[in-house]
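In case you want the letters, here they are:
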Amino acid sequence: MWDVFKDWIFNVIQFFYNFCGDWGLAIIIVTIIFRIIVAPLMHKQAKSNYKMQKIQPQLQHIQEKYANDKVRQSQELQKLYAEAKFNPLAGCLPMLLQMPIFIALFQVLREMGGREEVQNFEFYNLVPNLVQTPSGAFAEGFGVFIPYLVLMLVFAGATFVPMIQQQLKNSNSQQKNQMLIMSAIMSLFMLWISWSSPAGVLLFWGVSSLIGIGQNQFTLRRCRRADEAKEAEAELEVKPVEVDVVRKQKKKRPTKKH
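Caption draft 1: How the structure looks around the packing of aromatic side chains. One pass over the structure, following the stated rule, counts 13 aromatic pairs. Ring centres of Phe10 and Trp23 lie 6.2 Å apart, and the angle between their planes is 20°; on these two criteria the pair is classed as stacked. Here Trp23 lies in helix α2 (residues 23-37) and Phe10 lies in helix α1 (residues 2-20), a separation of 13 residues in the sequence. In terms of burial, Phe10 and Trp23 fall into one category: buried. Counting every residue linked through ring pairs, the aromatic cluster contains Phe138, Phe142, Phe145 and Trp195.

Written out as structure tokens, the structure is:
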């Protein structure tokens, strides 16, 4: 069943290759379609992350206040989640639902070099061979390695940037520094993985991550605007209505002449 699913994904990539005549562009088109399909899920995940950032100070306060009373801590956290209309599982579920598609695409691209249907596996002469790994390209010379190096940096950087964006407005400096260090370590780990990954996989992941960053920023901007609109409405409701009353001057009554 899994092999049938992978063959179907390969047929989709091959369809766009027959249409545009380039495997790299076909991968990018399929990646864009993939991101469009999972866009509603990613939108929910980004909203969940935004709500999590908003209640983070309150969450930390509860954890510190009831550190020795786990039952009370759990009750207060559930109360906070209910008031903020936040579901902790909302951020994980979209990722779990899209993982089968991502894993299948990843495996198809890794195995594409062994398919008889694949020939001239390049990306508009920018990347000579999308089946080649950066380590293999480096062995052929630095000039050949340059486009693979760019893909590696995009592959790792696209993983590092979203983590930085999530920590920019974190008021807890200690936690922020810890997360930034972890992000840097994660990026080095991604560079290590990319060293032995086919360029087609790096192209797919890099394009997908860049689109994801754009989608995430779009959702966060909408969430901020919605909060600003709610705050403006609340200010209008609280602010008393001022009525400027101008009294007309009374005209003097004419005096009767005797």
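Caption draft 2: A look at a positive patch on the surface. On the surface, Lys44, Lys47, Lys51, Lys85, Arg222 and Lys230 cluster together to form a positively charged patch. Those elements that provide at least two residues to the positive patch are α3 (39-65) and α9 (199-238). It is α3 that provides the largest number of residues to the positive patch, a total of three residues. Structurally, Arg222 is set in helix α9.

Caption draft 3: Layout of the environment of Asp227. Along the chain, the position of Asp227 falls in helix α9. Overall, Asp227 belongs to the buried group, its relative accessible area being 16%. In this structure Asp227 touches Tyr50 and Lys54, once residues within four positions along its chain are discounted.

Caption draft 4: A look at the packing of α3 against helix α4 (residues 70-84). As a packed pair, α3 and α4 sit with axes 10 Å apart at the nearest point and diverge in direction by 155°. What the angle tells us is that α3 and α4 run roughly antiparallel. Relative to α4, α3 is oriented so that their crossing is right-handed. Contact with α3, carried on its side by Lys51, Ile55, Gln58, Leu59, Ile62 and Gln63, involves Gln73, Glu76, Leu77, Leu80, Tyr81 and Ala84 of α4 and no other residues of that element.

Caption draft 5: View of the pattern of salt bridges. Within the structure shown, the criterion is met by two salt bridges. The salt bridge involving Asp3 is made with Lys6; its shortest N-O contact spans 3.9 Å. Placement of both Asp3 and Lys6 in helix α1 is noted, with a separation of three residues, approximately one turn of the helix. Classification of Asp3 by relative accessible area gives exposed; the value is 52%. Owing to a relative accessible area of 8%, Lys6 belongs among the buried residues under this scheme. A salt bridge links Glu76 to Arg72; the shortest N-O distance between them is 3.0 Å. One end of the pair, Glu76, and the other, Arg72, are both in helix α4, four residues apart, so they sit about a helical turn from each other. On the basis of relative accessibility, which here comes to 19%, the residue Glu76 falls in the buried class. Using a relative accessible area of 35% as the deciding quantity, one classes Arg72 as partly exposed.

Conventions and cut-offs
- Residues numbered from 1 in each chain as written.
- Predicted model: local features only at pLDDT ≥ 70, side-chain atom pairs only at ≥ 80, totals over all residues.
- Heavy atoms only, no water.
- Phe/Tyr/Trp six-rings, centres within 6.5 Å; stacked < 30°, edge-to-face > 60°.
- Helix = DSSP H or I, 4+ residues; strand = E, 2+ residues; numbered from the N terminus.
- Buried < 20%, exposed > 50% of the residue type's maximum accessible area, 1.4 Å probe, protein only.
- Patch = residues over 30% accessible without salt bridge, like charges linked within 9 Å, V, L, I, M, F, W, Y side chains within 5 Å.
- Areas by Shrake-Rupley, 256 points an atom, 1.4 Å probe, with all protein chains shown as cover.
- Salt bridge = Lys/Arg side-chain N within 4 Å of Asp/Glu carboxyl O.
- Lys, Arg positive; Asp, Glu negative; His and termini not counted.
- Charge placed at Lys NZ, Arg CZ, Asp CG, Glu CD.
- Contact = heavy atoms within 4.5 Å.
- Axes fitted to C-alpha atoms, helices over the stretch in contact; angles between N-to-C directions.
- Parallel < 35°, antiparallel > 145°, perpendicular 65-115°, else oblique.
- Left-handed = near helix turned anticlockwise from the far one by under 90°.

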